[in-house]
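Notes for the structure review
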Amino acid sequence: MSGVNKVFLIGNLGKDPEFRHMEGGIMVAKFPLATTEYFKNKDGNRQDQTEWHNIVLWRGLAEAAEKLHLRKGHMVFIEGKLRTRSWEKDGIKRYATEIIAENMTMLSKRDAQNGPSDAGTADPTPPMTDLGGDLPF
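As the structure is a computational prediction, the values presented were derived from the model and not from experiment.

**Here we look at the overall build of the protein chain**
Regarding its fold elements, the protein chain presents one helix and eight strands. Secondary structure elements of the protein chain, listed N to C terminal, follow the sequence β-β-β-β-α-β-β-β-β. Per element, the accessible surface of the protein chain, about 9400 Å² overall, is 49% carbon and sulfur.

**Here's the deal with the pattern of salt bridges**
Under the criterion given, the structure shown has five salt bridges. Put simply, lysine 6 and glutamate 79 hold a salt bridge, and the shortest N to O gap is 3.1 Å. Taken together, the positions of lysine 6 in the segment before strand 1 (7-13) and glutamate 79 in strand 5 (residues 75-89) put the pair 73 residues apart, joining distant regions of the chain. Given a relative accessible area of 39%, lysine 6 falls into the partly exposed group. Here glutamate 79 falls in the buried class, since its relative accessible area comes to 18%. In this structure, the salt-bridge partner of lysine 81 is glutamate 102, at a minimum N-O distance of 3.7 Å.

**Side note on the side chain of glutamate 98**
Tracing the sequence through the fold places glutamate 98 in strand 6 (residues 92-106). We classify glutamate 98 as buried; its relative accessible area is 9%. Among the polar contacts listed, one links the side chain of glutamate 98 to the side chain of arginine 85, at a separation of 3.0 Å.

**Focus on the pairing of strand 4 (residues 46-58)**
In this structure, strand 3 (residues 27-40) lies alongside strand 4, joined through 13 bridges in antiparallel fashion. Along strand 4, the bridge assignment pairs lysine 30 with valine 56. As consecutive antiparallel partners, strand 3 and strand 4 are separated by five residues, and within that stretch glycine 44 has a phi angle of approximately 85 degrees, a positive value. Sheet analysis places strand 4 next to strand 6, joined by two bridges and oriented parallel. Counterpart to valine 56 in the pairing with strand 6 is isoleucine 100.

**Structural notes on the confidence of the model for the protein chain**
When pLDDT is averaged across the protein chain, the result is 83; 80% of the residues are at 70 or more. Considering each helix and strand of the protein chain separately, the mean pLDDT is smallest for strand 8 (residues 115-116), with a value of 46, and largest for strand 1, with 96. For residues 111-137, every residue scores under 50 in pLDDT, and the model assigns this stretch 31 contacts once sequence neighbours within four places are set aside.

Reading the values: rules and limits
Residues numbered from 1 in each chain as written. Predicted model: local features only at pLDDT ≥ 70, side-chain atom pairs only at ≥ 80, totals over all residues. Heavy atoms only, no water. Helix = DSSP H or I, 4+ residues; strand = E, 2+ residues; numbered from the N terminus. Areas by Shrake-Rupley, 256 points an atom, 1.4 Å probe, with all protein chains shown as cover. Salt bridge = Lys/Arg side-chain N within 4 Å of Asp/Glu carboxyl O. Buried < 20%, exposed > 50% of the residue type's maximum accessible area, 1.4 Å probe, protein only. Polar contact = N/O pair within 3.5 Å; in protein donor to acceptor, adjacent residues only side chain to side chain. Pairing = 2+ DSSP bridges. pLDDT = per-residue confidence, 0-100. Contact = heavy atoms within 4.5 Å.

Take a look at the structure:
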């Protein structure tokens, strides 16, 4: 039996994607994605915990991200898999864990000139009605 490596994330871009063209015209895009969970502490006060994920889009997904004009603050759904890579720099072994996206859906509503209409709101968690009832899992 083989294992399962599947990740589902809904979050906001932490900065504009960085786009590069590799050998053979292959496009890659990278950006950080913030996911925030909210909970109440023992005193009943609302707390939040934000995790940062390194997202990598290859080929058609990177091209789609560029065409969608993804920008910092946009909310997206990412489906992909975890990858850890390592390299050596100055004799020190370094590691990076990334989400290699296999599917991406933009959840922010965009207006023609100003980007996402919901960018800058205080609560980055989408209401469940924004998902149209179709949960990705």
